[in-house]
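Working through the structure, step by step
As a plain string of letters, each chain reads:
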Amino acid sequence: MTVLRALARHALPAALALGPLAALAQPADAIWSGGPIVTVDDARPSAEAVAVRGGKIVGVGALADVERRFAGPKTVRHDLKGRTLLPGFVDGHGHITGVGIQALVANALPPPDGRNDSVAALQQTLRDWMAVSPWHREYGLVMGFGYDDSQLKEGRPPTREELDEVSRNLPVIVVHQSGHLGAYNSAALRKAGITADTPDPPGGAIRRKAGSREPDGTLEETAHIAALMKLMPALGEAQQIAMLKAGQELYLRFGHTTAQDGRTSPGSLKLLPRAAAQGALKLDVVAYPDLQMSADDPALKGPLHRRTYVNGFRIGGVKLNLDGSPQGKTAWLSQPFFKPPPGQPATYAGYPTFKDDAQVADYVTRAFRNDWQIMMHVSGDAAIEQMLKAVEAASAKVPRKDRRPVMIHGHLLQASQVDRVKALGIFPSMFPMHTFYWGDWHRDSVFGPERAANISPTGWLVQRGMMFSSHHDAPVVLPDTMRVLSATVNRTTRSGQVLGPEHRVEPIVAIKALTLWPAWQHFEEKTKGSIEVGKLADFAILSDNPLTVPRESLVDLKVMETIKAGRAVWRLDPLRKASGCAESADCRDAFAMLERRLALYAALSPTRPVGGR
């Protein structure tokens, strides 16, 4: 009996990993094998083969066993050819409805994602875009996205006069890479109704020329958002869905099978269900409407506020912004910025979206009472403190349950605050990509060396056994999962220095922060995030194994294929062949961007030729 029991203890888990006994009579639709399989399942970290039927995983294990139990005459074999299979990536925080704008407007990003390292380069980018884009002719607006004053040689945003040199008649707007600021030319300021007499709005600021009240062209936070909404053209449903699809393709390219739309606007909240009903979604999209703007929207109490998807869409909860951006120096800190922005005193420490703590607590309490999962954007430690007080107050008023409130960014999370985050059941969605994109800027200008070393302090979370997600916040940066992975593991700045070595994590931890843990964040851990029997067959195939390649080369890994519910929704190889860019990544990327833009322009202006075609 002892021997039989011992055999049973070993055989039963193996059999369960291959699926229920009923699966013996039902062949799999497909089997993947021929390369490393990183399951992100601690009980079975690796496997030789995965069997899929009906979009779900039915078997995981040794190739011979999977073949014996699940292979049938119609089973399709997928040879990984030495490439690595992982769970599909789950977006810890991003804005998929905003990513399409990157394919539409001028690319104002600095290297390595763009060419804009000076004001002159930015001006030329806008002129080049005007030469081929129908946008400014169709809608009377010149627009770029992604300028970063920390990477411009001038060390400042473009002025209104410099943008006037691009166009004196048309409004010109260039949105900061954080999305929290924008640079406007004189025509844009006039159209937005902003003059020397315009007061700063609550939660925002109009930057002024030295020694006067005259706007210098940069608008912060609520001032920027209000002006942008006034100037943005109204697009039809078909045009908006075309933009959504363009953003979706970018997500798929980087292996995402689940995308988030954080801070969904009222317009997007109406668009997304219609796009889903039309079959436009190739991946799952979970939306978090802005709580301020949408608290009374019937959709939040309707059938789409749920834990399962309808045609690839659901409403997951709500989003609330409590402060701004650290790289734009609008985050709310407890201590002053290392170097304040021009025109600000040495005591400048940013500012909150809400000055009244009680108002924030009321918003959180309302979310708890309505069973809305709430995500809160907090960058500075003062904003994090406001979030903690609000969750404490709301928890005292509403009986405790598994709500999983989410801290978005937490850039300047203090060691003294981490235990309170854990005790309150707040899930940290962190942004370690800041260490690459703005690490040098944070050290030398924003926070100073000591505070910058602890930005996005994932090491403190690991020490306490806490789960977290690691995100990209697209379109702030591209939804590049390999750069997210590399930044979370290496924390290397643009200049090659390591920022806060104690916060580097092991590659498997960084992979969990892109798969299983954000699935848990979204209440989807039972269906996504790891390669286990019963879960969705959501996969990403990488060019090599992130657990074995040198850590400094993680950023060079490529997503070769993205698979959603067992079906390939994006492949790199056909793209290479179609473009003639069999080996050149630069050529391939340029081709992909060109094709994406041409397709989007055609959808937006179907009667107008683009670029001479």
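These numbers come from a predicted model, not from an experiment.

**So, the overall build of the protein chain**
- Per the secondary structure count, the protein chain includes 23 helices and 23 strands.
- Counting over 613 residues, the protein chain shows a buried share of 60%.
- Pairs at least 24 apart in sequence give 71% of the contacts found in the protein chain among residues at least 6 apart.
- Only carbon and sulfur atoms are counted for the fraction: they give 55% of the accessible area of the protein chain, which is about 23,800 Å².

**Digging into the sheet that holds strand β19 (residues 427–430)**
- Ordered in space as β16-β17-β18-β19-β20, the five strands form an open sheet in which the pairing is parallel. Strands at the two margins of the open sheet, each flanked by one partner only, are β16 (317–321) and β20 (469–470).
- Where helix α12 (residues 357–369) meets the sheet, it contacts β16 and β17 (373–378), and its direction lies at approximately 150° from that of β17.
- Those strands touched by helix α13 (residues 381–397) are β17 and β18 (406–409), and its axis lies near 155° from that of β17.

**Observations concerning the confidence of the model for the protein chain**
- Overall, the prediction assigns the protein chain a mean pLDDT of 89, with 89% of residues at 70 or greater.
- Ignoring residues within four places in sequence, the model shows residues 1–16, a span with pLDDT below 50, making four contacts including any to other chains.
- Counting interchain partners and residues more than four positions distant, the pLDDT-below-50 stretch residues 578–613 has 52 contacts.

**Structural notes on unusual backbone geometry**
- In this structure, Pro112 follows Pro111 across a cis peptide bond, with omega equal to 10°.
- Positionally, Pro112 belongs in the loop between β7 (106–107) and α4 (119–132).
- Positive phi values are uncommon outside glycine, yet Val40 reaches one of about 60°.
- Topologically, Val40 is positioned in the loop between β1 (30–38) and β2 (46–53).
- Positioned with a positive phi, Arg263 is a non-glycine residue whose angle comes to about 60°.
- Here Arg263 is to be found in strand β13 (residues 256–264).

**Description of the side chain of Thr258**
- Relative to the helices and strands, Thr258 is located in strand β13.
- When near neighbours in sequence (up to four residues on either side) are disregarded, Thr258 contacts Phe89, Val90, Asp91, Asp284, Tyr309 and Lys528.

**Notes on the layout of surface pockets**
- Approximately 1,600 Å³ is the volume attributed to the largest pocket.
- If you go around the largest pocket, you meet 49 residues; those closest to its centre are Ile225, Leu228, Met229, Arg263 and Ser265.
- Listing elements by their share of the lining of the largest pocket, those giving two or more residues are α3 (96–104), β8 (142–147), α8 (221–231), α9 (237–253), β13, α10 (266–277), α11 (291–294) and β16.
- The element that contributes the greatest number of residues to the lining of the largest pocket is α8, accounting for seven residues.
- Here the residues of the lining of the largest pocket are counted per class, giving 21 nonpolar, 21 polar and seven charged.

**So, empty space enclosed by the protein**
- Applying the stated criterion across every chain, the model contains three cavities of 30 Å³ or more.
- Estimated volume of the largest cavity: approximately 60 Å³.
- What lines the largest cavity is a set of 14 residues, among which Ser325, Gln327, His409, His411 and Asp473 lie closest to the centre.
- Classifying every residue of the lining of the largest cavity by side-chain character gives three nonpolar, ten polar and one charged.

**Quick notes on the nonpolar core**
- One finds Met387 and Phe539 to be the most contacted residues of the largest nonpolar core, which totals 131 residues.
- Non-local contacts of Met387, meaning those with residues more than four positions away in its chain, are made with Leu322, Met376, Val378, Met407 and Ile426.
- Grouped together as the second largest cluster of nonpolar side chains are 38 residues, Leu126, Phe145, Leu189 and Leu235 included.

**Some thoughts on the sheet that holds strand β12 (residues 215–220)**
- Read across the sheet, six strands follow the order β7-β8-β9-β10-β12-β11 without closing on themselves; strand pairing throughout is mixed. Only two strands of the sheet have a single neighbouring strand rather than two, namely β7 and β11 (204–208).
- Across three bridges, strand β9 (residues 172–176) lies against strand β10 (residues 181–184) in antiparallel orientation. Residue pairing for β10: Val175 is matched across the bridge by Gly182.
- Relative to the sheet, α8 contacts β8, β9, β10, β11 and β12, its axis offset from that of β12 by approximately 100°.

**So, the pairing of β8**
- Extensive coverage of β8 is indicated by the burial of six of its six residues.
- As judged from the two bridges shared by β7 and β8, these two strands associate in the parallel manner. For Asn107, the partnering residue across the bridge sits in β8 and is Phe145.
- The sheet contact formed by β8 and β9 spans five bridges and is parallel. Each bridged residue has a counterpart across the sheet, and for Val142 the counterpart in β9 is Val172.

**A word on the pairing of strand β3 (residues 56–61)**
- The buried fraction of β3 amounts to five of the six residues, a majority that puts the element mostly inside the structure.
- Note: β2 against β3, five bridges, orientation antiparallel. In the strand pairing of β3, Arg53 is matched with Lys56.
- Counting the residues in the hairpin turn of β2 and β3 gives two residues, including Gly54, whose phi is positive at 60°.

**Digging into the packing of aromatic side chains**
- Scanning the entire structure with this criterion turns up eight aromatic pairs.
- Measuring from ring centre to ring centre gives 5.4 Å for Trp32 and Phe539, while their planes differ by 75°; the resulting arrangement is edge-to-face. With Trp32 in strand β1 and Phe539 in strand β21 (residues 539–542), this residue pair connects regions lying 507 residues apart in the sequence. Per residue, the accessibility class of Trp32 equals that of Phe539, and both read buried.
- Within the aromatic cluster, the residues linked to one another by ring pairs are Phe337, Tyr348 and Phe447.
- Against the face of Trp520 rests Arg404, its NZ or CZ located 3.7 Å from the ring centre.

**A look at the packing of α9 against α10**
- It is at 10 Å that the axes of α9 and α10 come closest, and there the two elements cross at 80°. Judged by the inter-axis angle, α9 sits roughly perpendicular to α10. Counting all contacts with α9, which are made through Glu237, Gln240, Ile241 and Leu244, the residues of α10 involved are Leu271, Leu272, Arg274 and Ala275.
- In terms of residue class, the contact of α9 with α10 is made up of five nonpolar, one polar and two charged.

So, how was this worked out
Residues numbered from 1 in each chain as written. Predicted model: local features only at pLDDT ≥ 70, side-chain atom pairs only at ≥ 80, totals over all residues. Heavy atoms only, no water. Helix = DSSP H or I, 4+ residues; strand = E, 2+ residues; numbered from the N terminus. Buried < 20%, exposed > 50% of the residue type's maximum accessible area, 1.4 Å probe, protein only. Contact = heavy atoms within 4.5 Å. Areas by Shrake-Rupley, 256 points an atom, 1.4 Å probe, with all protein chains shown as cover. Pairing = 2+ DSSP bridges. Axes fitted to C-alpha atoms, helices over the stretch in contact; angles between N-to-C directions. pLDDT = per-residue confidence, 0-100. 1 Å grid on protein atoms, 1.4 Å probe; cavity = no way out; pocket = protein on both sides within 12 Å on 5 of 7 lines; lining within 4 Å. Points joined across faces, edges and corners; volume = space filled by probe spheres on them. Nonpolar A, V, L, I, M, F, W, Y, C, P; charged D, E, K, R; others polar. Core = buried A, V, L, I, M, F, W, Y, C linked by side-chain atoms within 4.5 Å. Phe/Tyr/Trp six-rings, centres within 6.5 Å; stacked < 30°, edge-to-face > 60°. Lys NZ or Arg CZ within 6 Å of the ring centre and 35° of its normal. Parallel < 35°, antiparallel > 145°, perpendicular 65-115°, else oblique.

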